[in-house]
Each structure stands twice: as C-alpha cells, then as structure tokens.
Amino acid sequence: MSVILKFDDVSKQYAKGRLALKAVSFEINAGEFVSIIGPSGSGKTTLLRAVNQLIPITSGSVWLDGEEISRQKGAALRKQRRKIGMIFQNYNLVAQLSVMQNVLHGRLGYMSGINGVLGRYREEDKREALTLLEELGLKDFAYHRASDLSGGQKQRVGIARAIMQHPKLLLCDEPIASLDPSSAKVIMDLLKEMTAKRGIACMVNLHQLDAAINYSDRIIGLCQGSIVYNGSPKDLTENLIERIYGTSRENLMLGNKNEAGS
Ligand code: ADP
Ligand code: MG
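Only a predicted model underlies this, so the values are computations on that prediction, with no experimental measurement involved.

Observations concerning the site of ligand 1
- Looking at ligand 1, the residues that line it are Y14, R18, A20, P39, S40, G41, S42, G43, K44, T45 and T46.
- G41 has a polar backbone atom sitting 2.7 Å from an oxygen atom of ligand 1.
- Between ligand 1 and the protein, one listed contact pairs an oxygen atom with a side-chain N or O atom of K44 at 2.9 Å.
- Considered on its own, ligand 1 offers 560 Å² of accessible surface; in the complex 59% of this is hidden by protein.
- Grouping the amino acids of the shell around ligand 1 by side-chain chemistry returns 3 nonpolar, 6 polar and 2 charged.

This is the structure in structure tokens:
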C-alpha cells in the first residue's frame, strides 16, 4: 500500500504555551479514511493544519506524496497544497457567490493569476462542476446564492469544491459539528462514498465518537497532543476510550460537555 502522508516525530509549540503536539508519528495510506478523535484542546485542529503547513511545525517532519512538505516554500509548497482539499465546520463558502462559482473555486490553484481573478474557467471545469453537483443532489441549486442554502447543502458544496481540486488527500475539520443528525449522516455518507470512488485519502477530525467508529478504516486518538490510540475502530475498547477522553463512553454519549466538547 502506498503512503500518501507521513508525520515523523512532529511537535508543535505555539508562541506562548504548552506543546500542542508532542512527538507525533503516523502514516496515512492512499485512499484510506482515518478519523482523528480526542477531547477539546487535544490538538486535532493543530494536527490537521500541520499537514499543509497552515500551521508551521516546531520540530519533526511532514511528508506528503513522497516529498517533505514541512521544508517546502513558495511555488513548491503551493503545488503540494493542490493535492490537499479542505472541508471546514463552517463551510467557508463565499456567501454572495453562486453555488457553481464556489465549486469552481476548487480549480483556482491550477489557474494563472489573471484567469483566476477574472473567473475564466475552462468549459470542461464547468461541466465537471455541474456533474459533481448532480452527484451531490444539488443540480437545481447550481445558480442559487450560497447564502440561500441550508447547512447540510452548504457542506455538500464544500465537498464538491474540494473534489473539484482533484486532491489526493482531504482534510476535514469537524465537518458535521454544525449539522443536525440526519444532515450529518448524509455528509458522512457522501464524504466516504465520493472519496472511496476516487481513491482520495480522508483525514477527518470528529468529536462524535459514533461517527468515527462507523465510518473509519482507522482511528487516531489524541490526548493532550500525544497519540494514545492508532488502530482499527473495532479494537477501540472502553479502556482506550477512557484513556483518550478521560471519561467513559457512557458519559460521552450523554454529552458530558465538561470533559468532551468540541
Ligand atoms: P482541538 O482541535 O483538538 O480542540 P487545537 O489543536 O485547537 O485542539 O488546540 C490544541 C492546543 O493548542 C490547545 O491547548 C489550544 O489552546 C492550543 N492552541 C491552539 N491554537 C493556538 C494558537 N493560535 N495560539 C496558542 N495556542 C493555541
Ligand atoms: Mg479543533
């Protein structure tokens, strides 16, 4: 199996404060679906943003597709970042633009500055955007303003935009945290299906343990910046859950916010 992402002994210390990541090492295989779980403040967002160097790491190295992205700058870094799509809790759409325009933004990293600024997309990109919207059940909304959509619809646009980028890896930071349970299920199903079909690896930060268990090939558990679990969802015992969250699964399911919020 080919490795798409590798963290080797990565630590992160913000300007002031404790280590947000402590000597973290792991690999993600091409096409794999991996959830990152852990309580609030355990380092999930820091870990995800360290992948594409949106957050520069303090020590160690990050390898993407065989190249050390943590040493890359300028054009080389931009080229690597094209391989990484992102999905956000709050969708990050441009509210006043159409759904179609938002999806086409996935192509910006491949376009010359002037074509990008003027929104001169290729016909084949427009066709692909429409096909993706159809696949996601949003064809009828292609020319609606993004701000008119529901949360679940907005996240589907987020998925379409990320897939338009033709990434090898998708980073999703709490993609369902703002959604009701039925929209959350639709989004997790689509994320899984759309990435599996295209062989895109997926790293998903989740605070919903049940979703992580149901959808993932593998789960990485973080606690205070350290990996305390890295394995199959089916081997995640009650003891290990307590080790990650500092509380029992029963408490988690009851929504013990003091110990395990997002
Ligand atoms: P999670 O996503 O699991 O909630 P984060 O990665 O956001 O965790 O945070 C990990 C730790 O790093 C926390 O202790 C948090 O307070 C700290 N942290 C996050 N972002 C910053 C920042 N910009 N400056 C200083 N500390 C930060
Ligand atoms: Mg976070």
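Thoughts on the environment of S183
- Within the fold, S183 resides in helix 7 (residues 181–198).
- Assessed through its relative accessible area of 17%, S183 is described here as buried.
- Along the backbone, S183 and G151 are 32 residues apart, and their C-alpha atoms lie at a distance of 8.1 Å.

Observations concerning the side chain of N29
- Examined against the element boundaries, N29 turns out to sit in strand 2 (residues 19–29).
- Residue classification places N29 among the buried residues on the basis of a relative accessible area of 15%.
- Those residues in contact with N29, other than ones at most four positions away along the chain, are M1, S2, V3, I4 and A201.

Thresholds applied
Residues numbered from 1 in each chain as written. Chains lettered and ligands numbered in written order. Predicted model: local features only at pLDDT ≥ 70, side-chain atom pairs only at ≥ 80, totals over all residues. Heavy atoms only, no water. Near = heavy atom within 4 Å. Polar contact = N/O pair within 3.5 Å; in protein donor to acceptor, adjacent residues only side chain to side chain. Areas by Shrake-Rupley, 256 points an atom, 1.4 Å probe, with all protein chains shown as cover. Nonpolar A, V, L, I, M, F, W, Y, C, P; charged D, E, K, R; others polar. Helix = DSSP H or I, 4+ residues; strand = E, 2+ residues; numbered from the N terminus. Buried < 20%, exposed > 50% of the residue type's maximum accessible area, 1.4 Å probe, protein only. Contact = heavy atoms within 4.5 Å.

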